[in-house]
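Spelled out, the chains give:
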Amino acid sequence: MKQTELKKIELAVQTILETVGEDIKRPGLKETPARVARMYAEIFASVKQTEFTDYKMFKTDSENDLVIVKEIPFYSMCEHHLLPFWGTVSVGYVPKAGQIIGLSKIARLVDYVAKRPSVQERLTSQIVTELDKILRPGGIAVEVKARHMCMEMRGIQKTGSETVTAAFSGGLKNAVAKSEFQQRLAL
Ligand SMILES: [Zn+2]
């Protein structure tokens with residue numbers, strides 16, 4: 001992010017703090033606007049990135065086997081309140097033509113999708129869409145479990161409760177495949 005853009009965020013944060021009645025000159029807050037600006041540049045890094053290209057494919061002999069990657073941690077920001085929602089992403093896919101993707105690259109993809117203001121449902125379906133583009137597999141299943149600060153901090157929902165979302169594509173859309181995916185996740 002450019003210096004001028006960081007400065008803009010800094011001024012906006014200053015305005016918010018002043019408006020809620022804070023003394024922005026007190027020592028604890030002096031560096032806060034600049035710090036928040038740098039943090040936003042980091043946690044919203046994907047907004048200006050138009051494509052996910054950071055991946056490599058590998059060959060495997062086993063075809064039609066369900067590949068499962070369990071509980072990749074993620075951190076994102078709810079677009080309605082700009083508060084964190086965070087949890088884990090589990091992915092299942094059926095490789096086609098022996099093509100698989102490196103595990104660390106799936107984690108990168110999750111990061112790419114998460115580093116923007118979002119909602120859990122869209123985050124879930126975007127992971128399916130991106131993996132579909134990269135892998136062109138027989139099918140994809142994604143399950144996301146997350147806690148939402150905007151619900152917990154504001155006392156709408158009980159602390160610690162998780163929201164679960166799932167999205168499927170291709171051959172993993174049918175009920176049998178879905179339940180195999182769920183069973184494998186539970187192992
Ligand atoms: Zn929210």
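Residues numbered from 1 in each chain as written. Predicted model: local features only at pLDDT ≥ 70, side-chain atom pairs only at ≥ 80, totals over all residues. Heavy atoms only, no water.

- The name given to the protein in an unreviewed UniProt entry is GTP cyclohydrolase 1, and the organism recorded there is Loigolactobacillus backii.
- Its UniProt record, at the heading Catalytic activity (unreviewed entry), says of the protein: "GTP + H2O = 7,8-dihydroneopterin 3'-triphosphate + formate + H(+)". (UniProt positions renumbered as here; feature names shortened; annotations may be inferred.)

## Re the packing of helix α4 (residues 103–114) against helix α5 (residues 120–135)
1) Next: Between α4 and α5, the shortest axis-to-axis distance is 10 Å and the interhelical angle comes to 130 degrees. It follows from the interaxial angle that α4 and α5 lie oblique. Crossing angle aside, the handedness with which α4 passes α5 is right-handed. Within the contact between the two elements, α4 uses Leu109, Val110, Tyr112, Val113 and Ala114 and α5 uses Leu123, Gln126, Ile127, Glu130 and Leu131.
2) Next: Split by residue class, the contact of α4 with α5 holds eight nonpolar, one polar and one charged. (Axes fitted to C-alpha atoms, helices over the stretch in contact; angles between N-to-C directions. Helix = DSSP H or I, 4+ residues; strand = E, 2+ residues; numbered from the N terminus. Parallel < 35°, antiparallel > 145°, perpendicular 65-115°, else oblique. Left-handed = near helix turned anticlockwise from the far one by under 90°. Contact = heavy atoms within 4.5 Å. Nonpolar A, V, L, I, M, F, W, Y, C, P; charged D, E, K, R; others polar.)

## Here we look at the domain arrangement of the protein
1) Next: When its domains are assigned, the protein resolves into domain 1 (3–43) and domain 2 (57–186).
2) Next: Centre-to-centre, using C-alpha coordinates, domain 1 lies 33 Å away from domain 2. (Domains from an automatic or database assignment.)

## What about unusual backbone geometry?
1) Next: Phi angles above zero are rare outside glycine, and Leu82 is one such case at about 50 degrees.
2) Next: Looking at where Leu82 falls in the secondary structure, it is placed in the loop between β2 (67–78) and β3 (84–94).
3) Next: Given the relative accessible area of 39%, Leu82 is considered partly exposed.
4) Next: Unusually for a residue other than glycine, Arg136 sits at a positive phi of about 40 degrees.
5) Next: Within the secondary structure, Arg136 is located in the loop between α5 and β6 (139–148).
6) Next: Look at Arg136 and you get exposed, because its relative accessible area is 58%. (Buried < 20%, exposed > 50% of the residue type's maximum accessible area, 1.4 Å probe, protein only.)

## Focus on the packing of helix α1 (residues 3–19) against helix α3 (residues 32–43)
1) Next: Look at α1 against α3: their axes get within 8 Å of each other, and the N-to-C directions meet at 125 degrees. Taken as axis vectors, α1 and α3 run oblique relative to one another. Note that α1 runs across α3; the crossing there is right-handed. Of α3, the residues touching α1 (which contributes Leu6, Ile9, Glu10, Val13, Gln14 and Leu17) are Thr32, Pro33, Ala34, Val36, Ala37, Arg38, Tyr40 and Ala41.
2) Next: Here the residues of the contact of α1 with α3 sort into ten nonpolar, two polar and two charged.

## Considering the environment of Met151
1) Next: Relative to the elements of secondary structure, Met151 occurs in helix α6 (residues 149–152).
2) Next: The exposure class assigned to Met151 is partly exposed, which follows from its relative accessible area of 22%.
3) Next: Along the primary structure Met151 and Phe181 are separated by 30 residues, whereas in three dimensions their C-alpha atoms are 29 Å apart.

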